[in-house]
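# Summary of structural features
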Amino acid sequence: GELATQTTEMKDTYPKELQDRTLLNDFVSTLEAWTQEAQLIAEVVKTDRNRAAEMIVNDCTPALDKAAAAGTALAEELETQQNKIIKNQNTTSNIAMAVIIAVMVVATIVVLLMAAKIIRSIVEPSNQVRDALVGFSQGDLAVPVNYTGANELGVMCDALRTSQSVLSECISDTCHLLEEMSAGNYDVRTKDEKIYVGSLRKILDSVRVINSGMSDDLGQISQSSDQVAAGADQVSNSAQALAQGAT
């Protein structure tokens, strides 16, 4: 009947996590025993009410008490297991929350370290470029630019190093040409004409114009000196001839 249906449903819905089904089986067996007593009393009462009353007191009531005790024990066990499950779930939730927080902290640290590395990779070469440009403005071409890279900053630093090298070589070569010319060597040649690129070519052209002009001027001065010397010789010879004729 309905009680059997409820008993079956209770067995089916009993938590699978609880492998020990002793209390459940005790409750079901005591309940079934009470049900049998109740059915028997229902048959007896039709013919012998006194006998039925005695059976209620002596058999049915103890069976019901036993079923109630088994039900109470089962309910207490279910409550205990429920509390354990809730506790385990809370523990699992706390652990999961702690893991999530730890992961977030680690991720934040990693992001901060990556950001610091990126900022440092930008700031350091930028500072080198700034110092080199300030050095340019002050005539210092020896400010070190050490950063290298395949990005825009790397290209900028490469161009800056090339500019420093080219200008230094041009200045050194120009000083060499002028020093040789000041020493009277107008047959001097540049060490490397290729370093005078772009607008720097005008420096070499100007030095060559100066070299050529001074060579011509000195040639004319030398020629004039020779002419003056020749005239002086003639005057000296004439003076000697007059002196000899007078004697």
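Computed from a prediction, not measured in an experiment: that's the story for all the values here.

## Section: the overall build of the protein
On a plain count of helices and strands, the protein comes out with five helices and zero strands. Its helices and strands in sequence order give the protein the pattern α-α-α-α-α, from N to C terminus. Burial analysis of the protein (247 residues in total) assigns 19% to the buried set. Put simply, 49% of the contacts in the protein that link residues at least 6 apart link residues at least 24 apart. Total accessible area computed for the protein in this model is approximately 17,600 Å², and 59% of it derives from carbon and sulfur atoms.

## Quick word on a nonpolar patch on the surface
Side chains of Met97, Ile101, Val105, Ile109 and Leu113 sit close together on the surface and give an oily, nonpolar patch of about 480 Å² of accessible area. With respect to the helices and strands, the residue leucine 113 is situated in helix α3 (residues 49-137). Taking the relative accessible area as the measure of exposure, leucine 113 reaches 57% and is therefore exposed.

## Describing the packing of helix α2 (residues 22-44) against α3
Running from amino to carboxyl end, α2 crosses α3 at an angle of 160°, the nearest separation of the two axes being 8 Å. Taken together, the axes of α2 and α3 are roughly antiparallel relative to one another. α2 and α3 meet at a crossing whose hand is left-handed.

## A word on the side chain of aspartate 173
As for its placement among the helices and strands, aspartate 173 is situated in helix α4 (residues 152-182). Nearest to the buried, unbridged aspartate 173 among oppositely charged side chains is lysine 191, at 5.7 Å. Ignoring any residue separated from it by four or fewer positions in sequence, one finds aspartate 173 in contact with Thr190, Lys191, Asp192, Ile195 and Tyr196.

What counts, and at which threshold
Residues numbered from 1 in each chain as written. Predicted model: local features only at pLDDT ≥ 70, side-chain atom pairs only at ≥ 80, totals over all residues. Heavy atoms only, no water. Helix = DSSP H or I, 4+ residues; strand = E, 2+ residues; numbered from the N terminus. Buried < 20%, exposed > 50% of the residue type's maximum accessible area, 1.4 Å probe, protein only. Contact = heavy atoms within 4.5 Å. Areas by Shrake-Rupley, 256 points an atom, 1.4 Å probe, with all protein chains shown as cover. Patch = residues over 30% accessible without salt bridge, like charges linked within 9 Å, V, L, I, M, F, W, Y side chains within 5 Å. Salt bridge = Lys/Arg side-chain N within 4 Å of Asp/Glu carboxyl O. Axes fitted to C-alpha atoms, helices over the stretch in contact; angles between N-to-C directions. Parallel < 35°, antiparallel > 145°, perpendicular 65-115°, else oblique. Left-handed = near helix turned anticlockwise from the far one by under 90°. Lys, Arg positive; Asp, Glu negative; His and termini not counted.

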